[in-house]
Structures are given as C-alpha cells and as structure tokens.
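What the coordinates show
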Amino acid sequence: LTCASDTPRLPLQRRKAASVKELAIKTLAPRMEDPSRYSMSKDKGKPAIQAEHDRHRREYKREKKAVIRELRLDGQYIESERRKAKGIADNKAREKRYKNHAWLEAEQATMNQQVRQGGGLLSGGGVGAARAKAKSGKLGIKKGGKF
C-alpha cells in the first residue's frame, strides 16, 4: 500500500483504551504522610525555630480574633437582653401612667357633669364662674379680688 507521496502507508490501528491512571479523578487534597512534619509555604526556607515561632504567632492571632469575635457576640446578646428588660419595665410604667391618666380624666368628666347639671350637686368650677360673679359686681377680677 502506498499513499499519494509514494511512501508506504502504515495500516490503520485501533486506539488504545484509556489507562486507569488517565481515568482516575485527580484529588485536590494535599498528600501528607505525617501532619506534624508538614510545613506551610509561608515557612519554607526558614530555620525550624523561626518557622515554629511564626506558626505560634499565627495561631495566637487566630485565637485572639476568635476571642474578640466571641466577646462581641456576647456583648450584643447582653445588650439585647438588657433592652428587652428595659422595654418590659417601660411598658409596665407606661400602662400604669395611662391607667392613672384615665382615672383622672374620668374623675374630671364626673365633676364636669355634676357642674353642668346645676347647683344642687356641685357649683362653681373654672374661670367661667368667676367671670359670672365679676359681671354681677360681687367680685372684681381686675381689682385684685380672689377667685
């Protein structure tokens, strides 16, 4: 068999099946036989003492950040609980105040009704009575008389 360029042509061959190595899923996890001997890329090229010192410093910083975060969360929780308690106390005081105001308004309304009904129950009340007396000449408001 020859091809167009008059060179012998190789016969067709089947492709080989993919090997197990090619089909294997590549893992992203690092292979570490001994975790204690593993060194971070930050520590490469440093003396062992310096690498250990840096590792401890990083660990200390991580712990410090974690503690600050915990304290901040605790502070937020304590403040929210304090505000809840204050809100409950304020609501109780507000309800008591509203109750007292309602009682005072009811008393005032009762007195006003009695004054409106006429002199048998109650007489007087307010500046209107003083003005009526002033018109009759019994009391002089402008002359410094008492109400």
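All of the points below concern the structure found in this document.

Criteria and cut-off values
Residues numbered from 1 in each chain as written. Predicted model: local features only at pLDDT ≥ 70, side-chain atom pairs only at ≥ 80, totals over all residues. Heavy atoms only, no water. Patch = residues over 30% accessible without salt bridge, like charges linked within 9 Å, V, L, I, M, F, W, Y side chains within 5 Å. Areas by Shrake-Rupley, 256 points an atom, 1.4 Å probe, with all protein chains shown as cover. Salt bridge = Lys/Arg side-chain N within 4 Å of Asp/Glu carboxyl O. Lys, Arg positive; Asp, Glu negative; His and termini not counted. Charge placed at Lys NZ, Arg CZ, Asp CG, Glu CD. Helix = DSSP H or I, 4+ residues; strand = E, 2+ residues; numbered from the N terminus. Buried < 20%, exposed > 50% of the residue type's maximum accessible area, 1.4 Å probe, protein only. Contact = heavy atoms within 4.5 Å. Polar contact = N/O pair within 3.5 Å; in protein donor to acceptor, adjacent residues only side chain to side chain.

Looking now at a positive patch on the surface. A cluster of like positive charges, contributed by Lys 42, Lys 61, Arg 62, Lys 64, Lys 65, Arg 69 and Arg 72, occupies part of the molecular surface. You can see Lys 65 is positioned in helix H2 (residues 48-117). What makes Lys 65 exposed here is its relative accessible area of 55%.

Before going further, it helps to examine the pattern of salt bridges. Scanning the model with the defined rule gives 6 salt bridges in all. Across the pair Glu 79 and Arg 82 runs a salt bridge, and its minimum N-O distance is 2.7 Å. Of the two residues, Glu 79 and Arg 82 both sit in helix H2, 3 residues apart, roughly one turn of that helix. What makes Glu 79 partly exposed here is its relative accessible area of 28%. Across the pair Lys 86 and Asp 90 runs a salt bridge, and its minimum N-O distance is 3.2 Å.

Let's shift gears to the side chain of Asp 54. Along the chain, Asp 54 falls in helix H2. Not counting residues within four places of it along the chain, the set of residues in contact with Asp 54 comprises Asp 43 and Lys 46.

What follows concerns the environment of His 53. In this structure, His 53 sits in helix H2. His 53 sits in the partly exposed class, given a relative accessible area of 46%.

Quick look at the environment of Lys 46 now. Counting through the fold element by element, Lys 46 comes out in the loop between helix H1 (20-23) and H2. Residues contacting Lys 46, with those up to four places away along its chain left out, are Ala 51 and Asp 54. At 2.4 Å, the side chain of Lys 46 and the side chain of Asp 54 are in polar contact.

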